[in-house]
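Overview (structure and organization)
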Amino acid sequence: MLSRTSKAGDNVVTRPHEVSPHEFNPWIHVTSLIEKAGHVLGLNEGLIKRIVTPERILEVAVPVRMDSGQIEMYHGWRIQHDTSRGPGKGGIRFHPSVNVDEIAALSADMSIKCAVVNIPYGGAKGGIKVDPAALSRGELERLTRRYAFSIAPMIGPDRDIPAPDINTDTQVMSWIMDTVSMLRGHNTPGVVTGKPLAIGGTLGHAGATSLGVTICTSAILQRLGRLANEQRVVIQGYGKVGAPLVKLLSERGMKIVGIADIRGAIHVPGGINPLTMSEHYKEAGTVMGYPGSDEVPAEKLFTIPSDIAIPAALGGAIDAEIAEGMAASIMVEAANGPTTGEGAAILAGRNIPVVPDVLANAGGVVASYFEWAQDLQGYLWETELFQQRLEKTMHEAFNHIWARHQQLEVTLRETAIVVGVERIAEATELRGLFP
Ligand code: GLU
């Protein structure tokens with residue numbers, strides 16, 4: 001696992017501890033992909049090591065006074081993986097599974113993602129190991145503000161810009177923005193993205209990840225000569241990304257035949273109506289029980305007869321077993337890190353193309369870039385401009401990765417990582433080594 005301390009000259013960070021071969025460690029997975037890309041590009045070992053190693057790892061203790069008056073301790077991290085191309089960028093997640101390896105892996109994914117869509121950012125990520133559903137609103141606010149205070153020296157509009165991720169939203173971003181603004185003594189909207197419109201957010205940020213996933217899904221269908229209205233889709237997750245996807249993909253003629261949330265999975269052979277589902281979810285708080293659906297065990301979601309599989313929930317969901325049983329012939333990764341190394345190898349062996357997370361779900365961070373640019377300018381764009389630029393950025397990124405994929409003859413994931421590493425390497429070499 002990732003070591004938190006490193007001695008001078010002993011780069012322990014790039015030499016993770018032994019873990020069981022059966023245990024999926026996202027940090028080991030992402031570093032091996034980056035190293036492999038470095039070798040494809042013929043980079044020297046020193047440069048590869050520099051690119052792999054996170055620049056800064058901050059671990060913070062987050063004491064919170066609970067409503068009962070007791071003090072509870074939580075732990076959080078903010079990691080800047082690479083800032084050669086610009087300030088660190090990446091979300092903050094609140095989840096019981098958060099740990100330093102996961103956040104480090106996600107921060108490296110952000111470095112690659114920002115480079116793949118060619119926006120002027122490096123990669124970062126943060127999180128607190130906590131189940132926010134168990135907290136009151138007051139406890140959540142105190143937790144967020146204390147964490148924001150503790151990472152404040154490391155973040156800022158020209159340093160590192162957090163955003164929402166799993167279980168964090170516009171309200172959490174507002175508290176972080178306010179805490180940092182109070183500390184700095186002036187309004188600092190550019191310190192986070194994914195804010196409400198009233199305090200420096202942008203039109204179009206909500207749903208931007210799903211729009212990017214939709215653009216990539218349509219683009220790969222077109223490349224493979226397949227018609228949208230002949231595609232059956234299964235989606236794992238009905239949250240911030242999954243829910244808008246049901247609507248966006250249906251609008252393009254695709255039929256959503258299966259969906260899962262934390263309560264289980266359903267099969268709807270005739271297709272899910274986005275409006276009916278949204279109303280059902282509002283009332284029931286789950287996709288389960290959707291009119292006309294058959295309940296299926298959650299682990300069987302991807303065996304539902306379908307053409308496109310979209311994981312839009314937690315990391316590591318597509319392991320060897322799920323990949324073996326996958327019914328779809330295309331996968332588009334809406335979640336971050338949803339596929340294990342073994343899962344990816346099996347999908348590749350079965351010739352199932354995968355549009356990787358660092359491309360497919362990059363719509364969110366592109367939207368964040370536009371929000372940050374507006375904050376720095378103090379000028380709000382109209383929706384049309386936002387939409388047009390988001391679509392252009394995603395199309396250009398997809399087209400570039402596809403063209404390189406044809407040349408390199410490796411998977412789309414490997415291609416995307418090669419492109420990301422190539423751009424990071426170029427910036428790193430141009431800047432040279434200080435001192
Ligand atoms: N959490 C999103 C992601 O993983 C957005 C990050 C951002 O906008 O900075 O891409």
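The sections below set out a description of the structure shown in this document. None of these values were measured; they are calculated from a predicted model. (Residues numbered from 1 in each chain as written. Predicted model: local features only at pLDDT ≥ 70, side-chain atom pairs only at ≥ 80, totals over all residues. Heavy atoms only, no water.)

**What to know about the environment of alanine 104**
Just so we agree on the cut-off: A run of H or I in DSSP becomes a helix once it reaches four residues, and a run of E becomes a strand once it reaches two; helices and strands are each numbered from the N terminus. Only protein chains enter the accessibility calculation, which uses a 1.4 Å probe. A residue is then buried if its area is under 20% of the maximum for its type, exposed if over 50%, and partly exposed in between.
Positionally, alanine 104 belongs in helix H3 (residues 100-116). Alanine 104 gets classed as buried once you look at its relative accessible area, which sits at 0%. Separated by 23 residues in the primary sequence, alanine 104 and histidine 81 place their C-alpha atoms 7.1 Å from one another.

**What to know about the site of the ligand**
Spelled out, the test is: We call a residue near a molecule or strand whenever a single non-hydrogen atom of that residue lies within 4 Å of it. Polar contacts here mean pairs of N or O atoms no more than 3.5 Å apart (in protein, one a potential hydrogen donor and the other a potential acceptor; neighbouring residues in sequence count only if both atoms are side-chain atoms). Only the protein chains shown count as covering a residue, and every accessible area follows the Shrake-Rupley method with a 1.4 Å probe. Gly counts as polar in this scheme, as do all residues outside two lists: the nonpolar Ala, Val, Leu, Ile, Met, Phe, Trp, Tyr, Cys and Pro, and the charged Asp, Glu, Lys and Arg.
With respect to spatial proximity, 13 residues lie near the ligand, and among them Lys89, Lys113, Asp165, Asn336 and Ser368 are the closest. Backbone polar atom of glycine 90 to an oxygen atom of the ligand: 3.4 Å apart, as the coordinates give it. Contact distances for the ligand include 2.8 Å between a nitrogen atom and a side-chain N or O atom of aspartate 165. The fraction of the free accessible surface of the ligand (290 Å²) that becomes covered by protein chains is 92%. Put simply, the parts of the chain that give the shell around the ligand at least two residues each are strand S3 (88-95), H3, strand S5 (160-164) and helix H12 (363-377). Tallied by class, residues from the shell around the ligand come to 4 nonpolar, 5 polar and 4 charged.

**Some words on the pattern of salt bridges**
Basically, it comes down to this: When a carboxyl oxygen of Asp or Glu lies within 4 Å of a side-chain nitrogen of Lys or Arg, that pair is called a salt bridge.
Under the criterion given, the structure shown has 15 salt bridges. Two residues, aspartate 165 and lysine 125, come together in a salt bridge whose shortest N-O distance is 2.9 Å. Placement of aspartate 165 in the loop between S5 and helix H5 (170-184) and of lysine 125 in strand S4 (residues 123-129) is noted, with a sequence separation of 40 residues between them. The exposure class assigned to lysine 125 is buried, which follows from its relative accessible area of 1%. Among the charged side chains, a network of salt bridges with common partners joins Arg93, Glu102, Lys125 and Asp165.

**Re unusual backbone geometry**
Put simply, phenylalanine 434 and proline 435 share a cis peptide bond, and its omega is 0 degrees. Here proline 435 shows up in the segment after helix H14 (412-431). For asparagine 118, which is not glycine, the phi torsion reads 55 degrees and is therefore positive. Topologically, asparagine 118 is positioned in the loop between H3 and S4. A relative accessible area of 46% means that asparagine 118 is categorised as partly exposed. For asparagine 351, which is not glycine, the phi dihedral falls at a positive 55 degrees. Locating asparagine 351 in the fold gives a position in the loop between helix H10 (341-349) and strand S12 (354-355). Taking the relative accessible area as the measure of exposure, asparagine 351 reaches 66% and is therefore exposed.

**A short note on the packing of aromatic side chains**
Note the threshold: Here the aromatic set is Phe, Tyr and Trp, taking the six-membered ring for Trp, and pairing holds for ring centres within 6.5 Å; pairs whose planes are under 30 degrees apart are stacked, those over 60 apart are edge-to-face, and all others are tilted.
Tallied over the full model, the rule gives 8 aromatic pairs. When the ring of tyrosine 238 is compared with that of tyrosine 281, the centres are 4.8 Å apart and the planes differ by 55 degrees; the resulting orientation is tilted. One end of the pair, tyrosine 238, is in the loop between strand S6 (232-236) and helix H7 (242-251); the other, tyrosine 281, is in helix H8 (residues 274-284), and 43 residues separate them in sequence. The interplanar angle of 45 degrees and the centroid separation of 5.1 Å between the aromatic rings of phenylalanine 370 and tryptophan 381 together place this pair among those described as tilted. Highlighted residues: phenylalanine 370 in helix H12 and tryptophan 381 in the loop between H12 and helix H13 (383-408), separated in sequence by 11 residues.

**Considerations on the side chain of histidine 29**
Operational definition: Residue contacts are counted whenever heavy atoms from the two residues lie within 4.5 Å of one another.
With respect to the helices, strands and loops of the structure, histidine 29 is situated in helix H1 (residues 26-40). Once residues lying within four places of it in the same chain are set aside, the contact partners of histidine 29 are Phe24, Thr339, Thr340 and Gly341.

**Some points on the packing of H13 against H14**
Quick reminder of the rule: Working convention: axes come from line fits to C-alpha atoms, limited for helices to the stretch in contact. Angles between N-to-C directions cover 0 to 180 degrees. Angles are sorted into four bins: roughly parallel if under 35 degrees, roughly antiparallel if over 145, roughly perpendicular if 65 to 115, and oblique for all others.
Between H13 and H14, whose axes approach to 9 Å, the crossing angle comes to 110 degrees. Taken together, the axes of H13 and H14 are roughly perpendicular relative to one another. On H14, the residues touching His400, Ile401, Trp402, Arg404, His405 and Leu408 of H13 are Leu412, Thr415, Ala416, Val418, Val419, Glu422 and Arg423. Split into classes, the residues belonging to the contact of H13 with H14 amount to 7 nonpolar, 3 polar and 3 charged.

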